[in-house]
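Structural overview
Here is how the chains run, residue by residue.
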Amino acid sequence: MIDAGILQQFPVTTTASSTMATTADVSSNNEKQELANLDTVLDAIARCATAPELALLYMKMTGSKKHVVKTNLMAAIRKVAKTQRRIDGSRIPVAQLMQEIWLESYPLAEKKSSDVMVLRMTPATQDLILRMHRLFYVVSTPPFNATSMVPPQLEDVGEEITGTEDKCVVGGANAAPVRKVEDKATVKWQMRSWEQFYTEIEKMESLDDLVLASRGCLQTFLKWMKAAAYSTSGIPIYFYKCNAGYHLVRVLHTAVGLYEKMRKYQIATLLLNELLAAPYLERKRGYWWDRLALNLEHLKCADQARDTCANALKDPHVLAADRIALERRLHRLQRREYDEQKYRVESLIDC
């Protein structure tokens, strides 16, 4: 694949590390190419190297140790590689040093200095894979149900086409006109759908209109799922975006944050309940439960907030990090309830 030009080998030796960088021999174009090669090397190191490996690389480059987070360590390596040079005027061979570190750290049976440790796709290959990826999602956009791909407006037309095609099998002369009728009907339905979409969008004058329309679409879509016995349980996670319900839930998820900033907690609570009832974005369920409990606290509904936290901890889709936050909130609410009860008892005793 390297010989075919699909993959590129990690640049162990380049003009950036082996050529003398004197002003008499290197032109401005070579300097730009040198910096471009260096950026490629540093980008590959940032993507592939771990924090301990970056620490070793920094020590090989400067002779000093630096124990910081990976982001700051990579920034320091970039600064040294671009600003400092060796005694002979050449740049520090960052790629060669990184290759040595990888060879020393990986437990290979027979290690050679020419072993390829990191590969990079060429820009043409990246563009090709990206095009294939987009094309695949375009093809997979309709729901995973063959019957749902036929628009309701074309059911009568489909019956006419089917009957005409049966006649065409015998006669064979009217096949082309039938196909034209089907294509025209399909295009007409698609154009009418887009026109209706843009017309409805132009009618929306506020966030409330958008949220109201999105809620109606989501409820209709969920009813269709129930009627068609359509489930998302067997669909791979990378297919979730190929679904209208996913994007409608994303719209409502964004709207919740906006309503909370406007302190419209009742509307945010209503939307959160609808989001929790939808089978999408399961990784967000813990966040939704936590925001719902917080909004109920703002609305002075402590009992409902405690029940919300308890129900959230029973949800199997809640992530561990969100579960910790919910447990803390539940503990705080229970402690507050205990303090209030204790205060009431003390007040009655004093009376």
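Values in this document were obtained by computation on a predicted structure and should not be read as measured data.

Rules used throughout
Think of each chain on its own: its residues are numbered from 1, step by step along the sequence as written. Two thresholds apply to this predicted model, a pLDDT of at least 70 for residue-level local features and 80 or more for giving and counting side-chain atom pairs, whereas whole-chain, interface and lining totals are computed over all residues. Values reported for side chains reflect all heavy atoms of the structure, with hydrogen atoms and water molecules removed beforehand. Any carboxyl oxygen of Asp or Glu within 4 Å of a side-chain nitrogen of Lys or Arg constitutes a salt bridge here. Helical segments are the DSSP runs of H or I of at least four residues, strand segments are the runs of E of at least two, and each set is numbered from the N terminus. Only protein chains enter the accessibility calculation, which uses a 1.4 Å probe. A residue is then buried if its area is under 20% of the maximum for its type, exposed if over 50%, and partly exposed in between. Expected span of a helix: the number of residues minus one, times 1.5 Å. The patch calculation keeps residues exceeding 30% relative accessible area without a salt bridge and links them within 9 Å when they carry like charges or within 5 Å when they are nonpolar (Val, Leu, Ile, Met, Phe, Trp, Tyr). With residues, only the protein chains shown are counted as cover, and all accessible areas are computed by Shrake-Rupley using a 1.4 Å probe. Think of a polar contact as two N or O atoms within 3.5 Å of one another; within protein, one of them needs to be a possible hydrogen donor and the other a possible acceptor, and neighboring residues in sequence only count if both atoms come from side chains. Residues are treated as being in contact if the distance between any of their heavy atoms lies within 4.5 Å. Residue types Ala, Val, Leu, Ile, Met, Phe, Trp, Tyr and Cys, when buried and joined through side-chain atoms within 4.5 Å, form a set referred to as a nonpolar core.

**Structural notes on the pattern of salt bridges**
All chains considered together, the criterion is met by twelve salt bridges. When the shortest N-O distance is used, the salt bridge between Arg91 and Glu34 registers 3.0 Å. Of the two residues, Arg91 sits in the loop between helix H4 (70-83) and helix H5 (94-105) while Glu34 sits in helix H2 (residues 28-48), which places them 57 residues apart along the sequence. Relative accessible area serves as the criterion here: at 5%, Arg91 is assigned to the buried category. Glu34 gets classed as buried once you look at its relative accessible area, which sits at 6%. Arg329 is the salt-bridge partner of Asp290, the closest N and O atoms lying 2.9 Å from each other. You can see Asp290 sitting in helix H12 (residues 285-298) and its partner Arg329 sitting in helix H14 (residues 320-350), a full 39 residues away along the chain. Residues participating in the shared-partner salt-bridge network are Asp290, Glu297, Arg329 and Arg336.

**Examining helix H11 (residues 265-276)**
Taking 1.5 Å of rise per residue, the twelve residues of H11 would be expected to cover 16 Å, and the 16 Å separating its terminal C-alpha atoms lies within 8% of that figure. Restricting attention to buried positions, one finds in H11 the residues Tyr265, Ala268, Thr269, Leu271, Leu272, Glu274, Leu275 and Leu276.

**Observations concerning a nonpolar patch on the surface**
On the surface, Phe197, Tyr198 and Ile201 cluster together into a nonpolar patch covering about 310 Å² of accessible area. Among the structural elements, Phe197 can be located in helix H8 (residues 175-203). Here Phe197 falls in the partly exposed class, since its relative accessible area comes to 42%.

**Describing the side chain of Thr269**
Looking at the element boundaries, Thr269 is found in helix H11. A polar atom in the side chain of Thr269 sits 2.7 Å from the backbone oxygen of Tyr265. Here Thr269 is in contact with Leu292, Asn295, Leu296 and Leu299, once residues within four sequence places are set aside.

**Thoughts on the nonpolar core**
Nonpolar side chains tend to gather and get buried jointly when the protein is soluble and globular. Counting residues in hydrophobic clusters, the biggest one holds 35 residues, and the most contacted among them are Val249, Leu271, Leu275, Tyr280, Trp288 and Trp289. Only helix H9 (207-227), helix H10 (244-261), H11, H12, helix H13 (302-313) and H14 provide two or more residues apiece to this core. With seven residues, the single largest contributor to this core is H10. Not counting the four nearest positions on each side in its chain, Leu271 is found in contact with Val211, Arg215, Leu252, Ala255, Val256 and Tyr259. Counting 26 residues, the second-largest nonpolar core is a separate cluster that includes Leu57, Leu73, Ala76 and Met98.

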